[in-house]
Amino acid sequence: MKEFKFNIGGQDYNATVVEEASGALTVTINGQTYNVQVPETKAQAPRPIMQSAAASGGQVGGPKAVISELPGTVTSVNVKAGDRVKKGDVLLVIEAMKMANDIVSEVDGTVQKVSVSVGQNVSQGDLLVDLVADFVAAEAPGLAPKPAPAAPAPVSTPVAPTPAAGNNAVTAPLPGTVTKILVKVGQTVTPNDTVCLLEAMKMENSISAGANGTVKAICVKEGAQVQQGEAIIELA
């Protein structure tokens, strides 16, 4: 059962509507009951959408009527002719069944005419506001889609110079950041000497020389990011 309260010409009405199994409606208005037969409603063909020069990627927009979707009383009007509105803006408020219902704009546009005023009773389907929707660019059917932005060119990772034949290189055992260089060029090292510190996975790792030799070159600087296998120290 549905209940409605409305006012027509200053007269208050209380109505209830009960849908029977046969499809008929039992309507009671101010205590007076009526049996209402509802004829089948033919489906309406969708109204064509006017698209100016849509086939050539032109513009779409134009007049748009805002109508009442329920009977009630206008309690607030928030716009006037000439106002600019955006999609979602509240144009007016209608009170129905003791509830305030915001009537919002479905488009960006300009108010052409307000057809109701505060305190006015409206029925379902009544015109509330005339809008002129903004014209916006429309993609033409069948046109090729816009190409996606090109992906940025990959950034090449600098590769440390390959040690000359006969030389040994201390390489990074895993990706990380060189936090400290502990040797200098010309310094003699043994296999167990720590030549640098490498931070990886939030742990500091000591990197040993791994062989006897003399530091010939330091291939990276402190703070450098290195990849697994990249040369850090070159030994002669």
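Just so it is clear, the structure is predicted and the values come from calculations on it, not from any experiment.

1. Some remarks on the overall build of the chain
Thinking step 1. Scanning the chain for helices and strands turns up zero helices and 21 strands.
Thinking step 2. A separation threshold of at least 6 residues defines the contact pool for the chain, and within that pool the share at least 24 residues apart is 51%.
Thinking step 3. For the chain, the computed accessible surface area is about 16000 Å², with 54% contributed by carbon and sulfur atoms.

2. Some remarks on the nonpolar core
Thinking step 1. Counting residues in each nonpolar core, the largest one holds 17 residues, and the members touching the most others are Ile181, Val183, Val189, Val195, Ile232, Ile233 and Leu235.
Thinking step 2. Looking at this core, the elements that each hand over two or more residues are strand 15 (176-181), strand 17 (194-200) and strand 21 (231-235).
Thinking step 3. Beyond its immediate chain neighbours, meaning those up to four positions away, Val195 contacts Val170, Ile181, Leu182, Val183, Val189, Ile207, Ser208, Ala209 and Ile233.
Thinking step 4. In this structure, Val66, Val74, Leu91 and Leu92 belong to the second largest nonpolar core, which totals 14 residues.

3. Some words on the sheet that holds strand 2 (residues 11-19)
Thinking step 1. The four strands lie next to each other as 1-2-3-4, forming an open sheet whose pairing is antiparallel. With partners counted over all chains shown, the strands left at the sheet margins are strand 1 (2-8) and strand 4 (32-36), one partner each. Shown here is a sheet whose adjacent strand axes are inclined to one another by a mean of 25 degrees, direction ignored.
Thinking step 2. Both strand 2 and strand 3 (residues 25-29) contribute to a ladder of five bridges, which runs antiparallel. In the sheet register, Glu19 faces strand 3, and the bridge partner there is Leu25.

4. Looking at the pairing of strand 15
Thinking step 1. As paired strands, strand 15 and strand 20 (residues 225-226) are joined by two bridges and run antiparallel to one another. Bridge pairing in strand 20 links Gly176 to Val226.
Thinking step 2. The pairing of strand 15 with strand 17 spans four bridges and is antiparallel. Bridge assignment links Ile181 to a residue of strand 17, and that residue is Cys196.

5. Thoughts on the confidence of the model for the chain
Close inspection of predicted coordinates is inappropriate for parts of the model with low pLDDT.
Thinking step 1. Confidence in the prediction for the chain averages 79 pLDDT; 76% of positions are at 70 or higher.
Thinking step 2. Within the model, the stretch residues 41-58 combines pLDDT values under 50 with 16 contacts to residues more than four positions away or in other chains.
Thinking step 3. Per-residue pLDDT stays below 50 along residues 156-166; that stretch engages in nine contacts with residues further than four places along the chain or on separate chains.

6. Some thoughts on the environment of Gly186
Thinking step 1. Along the polypeptide, Gly186 turns up in the loop between strand 15 and strand 16 (188-189).
Thinking step 2. The spacing of Gly186 and Thr214 is 28 residues in sequence and 5.8 Å in space, taken between C-alpha atoms.

7. As for the side chain of Ser105
Thinking step 1. On the secondary structure map, Ser105 appears in the loop between strand 10 (99-104) and strand 11 (109-114).
Thinking step 2. When neighbours within four sequence positions are excluded, Ser105 is seen to be in contact with Val85, Lys86, Lys87, Gly88, Asp89, Leu91 and Leu131.

8. Digging into the layout of surface pockets
Thinking step 1. Approximately 300 Å³ is the volume attributed to the second largest pocket.
Thinking step 2. As for the second largest pocket, its lining consists of 15 residues, of which Lys5, Phe6, Asn7, Gly72 and Asn121 are closest to the centre.
Thinking step 3. Secondary structure elements with two or more residues in the lining of the second largest pocket: strand 1, strand 7 (72-77), strand 9 (90-96) and strand 12 (121-122).
Thinking step 4. Take the lining of the second largest pocket: its biggest share by element is four residues, from strand 1.

9. Focus on the environment of Ser105
Thinking step 1. We classify Ser105 as buried; its relative accessible area is 2%.
Thinking step 2. A distance of 2.6 Å separates a polar side-chain atom of Ser105 from the backbone oxygen of Val107.

10. A closer look at unusual backbone geometry
Thinking step 1. Despite not being glycine, Asn30 has its phi angle at roughly 50 degrees, a positive value.
Thinking step 2. Within the fold, Asn30 resides in the loop between strand 3 and strand 4.
Thinking step 3. Residue Asn30 is classed as partly exposed on the basis of its relative accessible area, which comes to 40%.

11. Details of the sheet that holds strand 9
Thinking step 1. The antiparallel open sheet is built from four strands, whose spatial order is 10-9-7-12. Single-partner strands in this sheet number two, and they are strand 10 and strand 12.
Thinking step 2. Alignment of strand 7 against strand 9, held across four bridges, turns out to be antiparallel. Note that in strand 9 the partner of Ser76 across the bridge is Val93.

Basis of the calculations
- Residues numbered from 1 in each chain as written.
- Predicted model: local features only at pLDDT ≥ 70, side-chain atom pairs only at ≥ 80, totals over all residues.
- Heavy atoms only, no water.
- Helix = DSSP H or I, 4+ residues; strand = E, 2+ residues; numbered from the N terminus.
- Contact = heavy atoms within 4.5 Å.
- Areas by Shrake-Rupley, 256 points an atom, 1.4 Å probe, with all protein chains shown as cover.
- Core = buried A, V, L, I, M, F, W, Y, C linked by side-chain atoms within 4.5 Å.
- Buried < 20%, exposed > 50% of the residue type's maximum accessible area, 1.4 Å probe, protein only.
- Pairing = 2+ DSSP bridges.
- Axes fitted to C-alpha atoms, helices over the stretch in contact; angles between N-to-C directions.
- pLDDT = per-residue confidence, 0-100.
- 1 Å grid on protein atoms, 1.4 Å probe; cavity = no way out; pocket = protein on both sides within 12 Å on 5 of 7 lines; lining within 4 Å.
- Points joined across faces, edges and corners; volume = space filled by probe spheres on them.
- Polar contact = N/O pair within 3.5 Å; in protein donor to acceptor, adjacent residues only side chain to side chain.

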